[in-house]
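An overview of the molecular structure
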Amino acid sequence: MWGKTNLDQNWANSVTSLTHLDRLEAEAIHIIREVAAVAENPVMLYSVGKDSAVMLHLAVKAFYPSIPPFPLMHVDTTWKFREMIEFRNRKAKELGMDLIVHSNQEGIEAGVGPFTHGSSRHTDIMKTQALKQALDLHKFDVAFGGARRDEEKSRAKERVFSFRTADHRWDPKNQRPELWNLYNARINQGESIRCFPISNWTELDIWQYIRREQIEIVPLYFAGKRPVVEWEGSLIMVDDDRVPEELAKTAVEKSVRFRTLGCYPLTGAVESTAATLEDIIQETLLTNSSERQGRTIDRDQAASMEKKKQEGYF
Amino acid sequence: MSHIDALIAEDITAYLEAHENKSLLRFITCGSVDDGKSTLIGRLLYDSKMIFEDQLDALESDSKRHGTQGENIDFALLVDGLSAEREQGITIDVAYRFFSTDKRKFIVADTPGHEQYTRNMATGASTADLAILMIDARKGILTQTRRHSFIASSLGIRKMVLAINKMDLVDYDEAVYNRIEQDFLEFAEELSAGIEIQAIPMSALAGDNITEHSDNTPWYQGPPLMEYLETVPVDDDRIKAPFRMPVQWVNRPNLDFRGFSGQIASGSVKPGDRVKTLPSAKETTIERVVVHGGDLKEGIAGQSVTLTFADEVDTSRGDVICAAGEPAEVADQFQARVLWMADNEMLPGRRYLLKIGAKTVTATVLDLKFGIDVNTLQDKPAKTLGLNDFGVITMALDQPIAFDPYDLNRETGGFIFIDRMTNNTVGLGLIDFALRRAGNIHWQALDVDRIKLAEQKEQKPAVLWFTGLSGSGKSTIANILQQKLFAMGKHTFVLDGDNVRHGLNQDLGFTDADRVENIRRVSNVAKLMSDAGLITLVSFISPFRSERQMARNMMTDGEFVEIFVDTPLEVAEQRDVKGLYKRARAGEIKNFTGLDSPYEAPEAPEMVINTVEQSAEDAADKIITWMRERGWFEV
């Protein structure tokens, strides 16, 4: 369940200024409330990962004692880890929030998957196209996302309230100035906003906050014995019987964990014995490669993220 | 392995406890192109070990492809994120970067140097505690340095680092450093009072005075940059200011709880405090300061909380809860400093949306008192404000708001202007003071002419002249079109036989002379209406070309739109909505157009509507599309 904050202890000692986590939290809550107040039909995109977990926790805090006044939406590529799906369903139920799950039906019927269609086509059809479909279908005007500016160079330049044209495109050269904490959420018919409340958080902030607030995350983040195979240079988990037989035969049990969570064939595992949050943070701090390295989609070409974003990838 | 790494490896819990309570410093880097801003930030990230191996690999290959440093690592490439920028070698938008040391977490806004991106620089400055002004030691203080320090100080930044960079290229000459520092201090006297300035000689490329004292500058006794950034006090003036909290959201989960959610803008608040909600000025007492996980004994500036009151006081989004003893001011007319951020210039007389705190109101710019040359800081006469122009204006709001002067409170004195048509953020403003209602208001200075009247309505005036036989469908189309335009927020009026012939023209009959006079009068009324900024829909048979030409000549060029409602006589007669054809055929009506009086069809109308093939609804849509394509709805 949601952890008790350590704010009480702080205030008992009559703290006169806020720590960096306090400031990041207050800023994110302000942003989330602003959307709830001005948007006609907002939604929170919930990817079930650790950043989403933090964002959801912040939403709960923002509206307490009310329940967050918007639904959660998960774009399910049908290739997510099974543990993610269980976690997602349980979490929405615990919080009493509506959960919308959207998958690209045409993609499912065409049998699209990473093994048969490759990572970039799979991601485009089952994730990018599916997201656009879902946003169009439900006519959401603002969608929260858990992206952070420290993840990637093009994200470092993106606004907290980021505009999308009617066909979901991002125009990086034509962003609205964003001053103080005065967010302009006004849009014309058909346009929409992606709102990133944790823009200013780093990966370390996320972990520290998860630890401070005792936020529950999917167990896949912690090391455990899991069947893995080597595929396209990454160690991937055999999560179900859709792994090609030839490949599945090579599976070995290893103690691994995941630094990010996505489609299981596209999410590289790292060998690890980190079983507690502290262990994970320790590993993260001492590690030599950045978080996104585990994600196959970013390595395709230089500036690939910027290109994907212009096309509508979140 | 550094001592930090050792602590992480040995006692992660101790490390985390220590790092959970770091403070946060937000700063901007600004200066001219090529002064080395991006290089400096790249260097800070690199030296504070915020670059991972895979990023370093990518950086090395990027350096070879796009870099400007030969075989060496080009740190600027770490920061210049967008591919367009990498190709052009400039920074076109604010990039946010993060790094931390043992003492602090830092958020860096790397802001563009070019003059045309001044607005992006202001975006970065609005949330910064400190500014690093990059100076090329070879060039000294440039126009851009002055502009950036002026904007940074106007936006309330009170601490500046004068980073005198590229000292390696002037042989680490102390005299160069001293001269530049002196130049800047002289200039800084013209900026807002109370700015602390720390000059540091450095080379971002070579790493001098970045993290450690450089042996190349033995004459420099001050701190290296990193040490200064880690230790400079960030006194949060906001906490000492009187309590203010704009209400963002009313929290009402059930009948027993009614709370007001917002981020505390300044001061502190605890149960039992007397507060006043503005602009209604009702007083009450704070009952609880609610956050998830347990109430707070006290909430302070910067925190997002939910307040409950001891008694029912009507409060809604946009109101400001204030310390009862030291409330904010309330007014609806102001003087303010404005930085314009849009290509479409700011015009006196025009109305914009103004957002301050959680409140959005409509503001009319009354007068542009003068512009400020951001390069010399001198006042200059100005009629409009263009992109990146700075000026002092007076303005009036459609309702009173709570505010503090910006110099006293950044949170309750800063606002943005939003264009009502495009919804873009077009300007930022800093409230100086309220104007007295009766006194120094400059309404009379404003010429209210036809252009201003149209601008106020955010439309271009038009006379849509529907001509055609009786029963052709003119009025039906005009009425549907008016409904559609009304729904779009346009200001319209329909002139037709029914409302004109029964009043203004009740003395006229249907002879040719009377028909001409009828049209002359209607044209004049339409002309007055278009002067008033309206879109006027004229629905008259108007059978003669010469009278329609007369009407056209009377209107301002381009405003007359002749729409020929082309319905064949048989069809109109068959419809005969008013039974007039029947009566005319029976001889009861003389001079009936199409029967015993001629109809001269237009030779070159702007539009032809065929009512046989399309419905009145479609015809109205077609007209709207026609107008939109010709920019009628853009002002």
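Residues numbered from 1 in each chain as written. Chains lettered and ligands numbered in written order. Predicted model: local features only at pLDDT ≥ 70, side-chain atom pairs only at ≥ 80, totals over all residues. Heavy atoms only, no water.

**Quick word on the overall build of chain B**
A tally of helices and strands in chain B yields 20 helices and 27 strands. Expected size for 635 residues packed as a compact globule is a radius of gyration near 26 Å; at 34 Å, chain B overshoots this value by more than 25%. With the principal axes as the frame, chain B shows a C-alpha extent of 110 × 65 × 50 Å. Each of the 635 residues in chain B was classed as buried or not, and the buried ones make up 56%. Restricting the contact set of chain B to residue pairs at least 6 apart, pairs at least 24 apart contribute 71%. When the accessible surface of chain B is summed, it comes to about 26,200 Å², and 48% of that surface belongs to carbon and sulfur atoms. (Helix = DSSP H or I, 4+ residues; strand = E, 2+ residues; numbered from the N terminus. Rg over C-alpha atoms; globule rule 2.2 N^0.38 Å. Buried < 20%, exposed > 50% of the residue type's maximum accessible area, 1.4 Å probe, protein only. Contact = heavy atoms within 4.5 Å. Areas by Shrake-Rupley, 256 points an atom, 1.4 Å probe, with all protein chains shown as cover.)

**Quick notes on the overall build of chain A**
In terms of helices and strands, chain A carries eleven helices and ten strands. Burial status across chain A gives 63% buried among its 314 residues. A separation threshold of at least 6 residues defines the contact pool for chain A, and within that pool the share at least 24 residues apart is 75%. Of the roughly 11,600 Å² of accessible surface on chain A, 47% is carried by carbon and sulfur atoms.

**A look at the nonpolar core**
Soluble globular proteins tend to pack their nonpolar side chains together in the buried interior. Core analysis: the largest hydrophobic core is formed by 77 residues, its most contacted members being Phe27 and Ile132 of chain B. The contacts of Phe27 of chain B, once residues within four sequence positions are left out, are Leu44, Phe99, Phe106, Ile107, Val108, Ala109, Ala128, Leu130, Ile132 and Leu229 of chain B. Of all hydrophobic cores here, the second largest spans 76 residues; its members include Ala62, Leu220, Tyr221 and Val229 of chain A. (Core = buried A, V, L, I, M, F, W, Y, C linked by side-chain atoms within 4.5 Å.)

**So, helix H2 (residues 12-20) of chain B**
What H2 of chain B keeps buried is the set Ile12, Tyr15, Leu16, His19 and Glu20 of chain B. All buried residues of H2 of chain B lie within an arc of 125° about the axis, which places them on one face of the element. (Arc of directions from axis to C-beta.)

**Side note on the sheet that holds strand E6 (residues 192-195) of chain A**
Backbone-to-backbone hydrogen bonds pair the strands of a sheet. The strands run either parallel or antiparallel. Residues and elements named next belong to chain A. Within the open sheet, the six strands sit side by side as E3-E2-E1-E4-E6-E5. Their pairing is mixed. Looking at strand neighbours, the two that pair on one side only are strand E3 (99-102) and strand E5 (161-164), the edges of this open sheet. Looking at each pair of strands side by side, their axes are set apart by 30° on average, direction ignored. Bridge analysis of E5 against E6 gives four bridges, and the strand direction is antiparallel. In the strand pairing of E6, Phe163 is matched with Ile193. Helix-sheet contacts for helix H4 (residues 82-95) involve strand E2 (72-75) and E3, and the interaxial angle to E3 is about 150°. (Pairing = 2+ DSSP bridges. Axes fitted to C-alpha atoms, helices over the stretch in contact; angles between N-to-C directions.)

**Looking at the confidence of the model for chain A**
Residue and element names in this part refer to chain A. Of the residues in chain A, 85% reach a pLDDT of 70 or more, and the chain-wide mean stands at 86. pLDDT under 50 marks residues 1-15. Its contacts with residues more than four places away, or in other chains, come to 38 contacts. The low-confidence segment residues 295-303 (pLDDT under 50) makes 21 contacts with residues lying over four places distant or belonging to another chain. (pLDDT = per-residue confidence, 0-100.)

**Points about the environment of Ala9 of chain B**
Examined against the element boundaries, Ala9 of chain B turns out to sit in helix H1 (residues 3-10). Sequence separation of Ala9 of chain B and Glu186 of chain B is 177 residues, and the distance between their C-alpha atoms is 50 Å.

**Considering the side chain of Thr492 of chain B**
All names here are of chain B. You can see Thr492 is positioned in strand E24 (residues 492-496). Thr492 sits in the buried class, given a relative accessible area of 16%. At 3.2 Å, the side chain of Thr492 forms a polar contact with the side chain of Gln482. If we skip the residues at most four places from it in the chain, Thr492 touches Gln482, Leu485, Leu534, Ile535 and Leu537. (Polar contact = N/O pair within 3.5 Å; in protein donor to acceptor, adjacent residues only side chain to side chain.)

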